[in-house]
Each structure stands twice: as structure tokens, then as C-alpha cells.
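Chain by chain, the residues run as shown.
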Amino acid sequence: MLVVEDSLTVRKYLVACLRADPGIEVVGEAADGREAIELCDQLRPDVITLDMMLPVMTGLTVTEYVMAYCPTPILIVSASTNRGELFRTYDALAAGALDVIEKPLDGAGDPAWERHLLATVKLLARVKVITHVRARLARPARPAGPPAPAGLQRQYLAVGASTGGPQALAAILRGLPATYPLPILLVVHISPAFGQAFADWLDQTAIPVATAAHDQPLPPFGSPRILLAPPDQHLVVRNRRLALTRDPEVHSCRPSVDVLFRSVADELGPRAAGLLLTGMGRDGARGLLAVRAAGGATLAQDEATSVVFGMPREAIALGAAERVLPLDEVAPALVALAGPAPGRKP
């Protein structure tokens, strides 16, 4: 693997942590963005750990180049204290980086952090990434597709995503019109240290985005908005209101997609739709099955366009997904779900 970090102290600490594991070989070190790109081209590592703030070329520029010309799993190892750096981190995730962990302070030893680093690197080394150009949030949305046939209208949409989720969400949100009438409830697995400004980053789209608040009224159909589960809290729908809880983790996740989907199934039944996107593990699979059993519409991202096919694959195996779609077909399908209600003319 390749370690990219401009701080000599932190870089040596990362290299020492990685080399302590007999299953990991560090093949190169880079102190700036240009060197990172050159070494990636020469060495073709299985994984890159990447800082965002680099001399010569930024971590975002490195990510965009690597994913376009020599696709490699990228783990961002970055500080999270600066809002601008957080936004660059989300941009890199949208550009194809797989995951992000917080940089250790001053290269200080932390056995728990070191175990997390090693486990994450080993997981990402198994991911086969694809060549692509960065998906940008700010592009105008495409025109709305044709309305759904009468009787198929849904009024709420619940979405879950994990590894590769920011990239998939960027692509989908570009395809939804500003007037998209289904309020969207969203759970994305992202480290609490990097989750605080994620809603603000998503808010660059045509549809308003905010972090969900406890006891907030459930927005009515016809109110375009996206409400994101905050870091380390489950988001549920209860008595036509939103609730945030610190109940135990589900599938080692809080917020959990399963928790949101099950509450949506119980509260909204056939008025809801559920969408499960790329992600590692199985969170959301049984929740999507609950949405389908309650009469809701259910969709899952296909294998070819998923960065990690774990979560969608589990849902498909359970028979939870009515439709399995490539990423570029998801937005038109969501637009179609908002078609005219029974008895209403298209």
C-alpha cells in the first residue's frame, strides 16, 4: 500500500502501524500530491491512505486523478476541525474515495485507533473500484421523467447508504428536480467526526438539505427537502414526527438504515418507498424487506455500479428489492414514484 501524508511525524507513525501487521506491505510513501500520483502510477498499490491537505496537489486532486486513470481504493486519513477541509473530504468521497477516518493527533499512539486503521485498510483492499470521473453536486438537474401510472404514487422516500454513498447520492441528487415532492429521509454511515457538516455539503443541490431534529414534524408530501440522520443517532418516524434516539447500535451502526426503514414501514406503509445504495455489510436489508411487506415500493442499487455491493446484495437475497437498478436509472425511477395519485390526471 501507499501512504500519502505531508507531516513526517504522522507519516512515519502510519507506516509503523501498517508495517506492524504481517499481512500489510507498505510499498511507498509520498509527502505531496504530485509524488502520490507518480508513485500510484509506478507501484499500483492495493490501497492508498491519503491526507487532504497536501503541498503541490491537494488530496482532492489526487483522488480525481487516481480514480480516472489508475483506480485504487482510497482511505482518507484527515483532520476534521476545519469546515473547508470537511467539504474537501466530502468532495473526495464523491470523487470515488471509499472511506474516511480521523487523523491521530501529532502521531500519538492509540491502540484502538491503530486496530481500526488496520481493519479498514484490509476491508478496502478487497474492494474492486472502477474508473470514473468525479460526480459534481452543483450540476443542474435533468428534466423530470414521465409520471408513474395512477395508483403508484408514493409520498415519502427513505434512503440508506454506506461505503460509496456520497458518490452515489451526488449522482442521484443531480437527477432530481428542485420540485421533487417526496420528502427524503436519509441515513449515511459516516464517522461522527466527519458527519457534522455533511448536510451542509449536500445542501449544494437543488433540494434543501438539513440535519433532522428530534420531535420535528414529518414534512408533508409536496415539500421538497432532505432530512439527514445526525451522527451517532438513530432516525425514526413515530406518530407523524421524527425522533432521534441513542438506542444500541444495529449491525454495529448508529444511525442504522434498518432502524429508519422499519419505522417507515410501520408508520407509513404503502405511502413510502425505500432505496438501499452501495455499502459494506447488511444494514438496511431487513428494513427494506419490512418496507416491501408493508406495501411500500423498494429499490436497490445494482452490483455493477455499487462501490461495495454488500448491503444491496443482502437485500436482494432476501427478496426485499422490487427493482434492482444501475445508478443512472435511480433518479428517473424516483421521479416516477412521485406520479399522480389515484383519480388525479397526469
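Computed from a predicted structure; not experimentally measured.

K.L.:
Hey, could you run me through the pairing of strand E6 (residues 156-161) in this one?
P.N.:
When a strand is regular, its side chains alternate between the sheet's two faces. Most of E6 sits out of view: 6 of its 6 residues are buried. Across the two faces of E6 the burial is the same, with Tyr156, Ala158 and Gly160 and Leu157, Val159 and Ala161 all buried. Note: E6 against strand E12 (residues 272-276), 5 bridges, orientation parallel. For tyrosine 156, the partnering residue across the bridge sits in E12 and is alanine 272. Two strands pair when backbone bridges link them, and E6 and strand E7 (residues 184-188) are joined in this way by 5 bridges, in the parallel orientation. Bridging across to E7, glycine 160 finds its partner in valine 187. You can see the chain leave E6, run along helix H6 (residues 165-174) and come back into E7, and the turn it takes is right-handed.

K.L.:
In this structure, what is going on with the sheet that holds E6? I would like to understand it.
P.N.:
Each strand in a sheet pairs with another by means of backbone hydrogen bonds, the pair being arranged parallel or else antiparallel. One open sheet accounts for 7 strands, arranged E8-E9-E7-E6-E12-E13-E14; its pairing is parallel. Looking at the sheet topology across the chains shown, the edges are occupied by strand E8 (209-211) and strand E14 (323-325). Sheet twist, expressed as the mean angle between neighbouring strand axes with direction ignored, is 20°. Note that E7 and strand E9 (residues 226-228) share 3 bridges and pair parallel. Within E9, the position partnered with leucine 186 by the bridge is leucine 228. Helix H10 (residues 285-293) rests against E12 and strand E13 (297-301) of the sheet, and its axis sits at about 155° to E12.

About the criteria used
Residues numbered from 1 in each chain as written. Predicted model: local features only at pLDDT ≥ 70, side-chain atom pairs only at ≥ 80, totals over all residues. Heavy atoms only, no water. Buried < 20%, exposed > 50% of the residue type's maximum accessible area, 1.4 Å probe, protein only. Helix = DSSP H or I, 4+ residues; strand = E, 2+ residues; numbered from the N terminus. Pairing = 2+ DSSP bridges. Right-handed = clockwise from strand over helix to strand, strands pointing away. Axes fitted to C-alpha atoms, helices over the stretch in contact; angles between N-to-C directions. Contact = heavy atoms within 4.5 Å.

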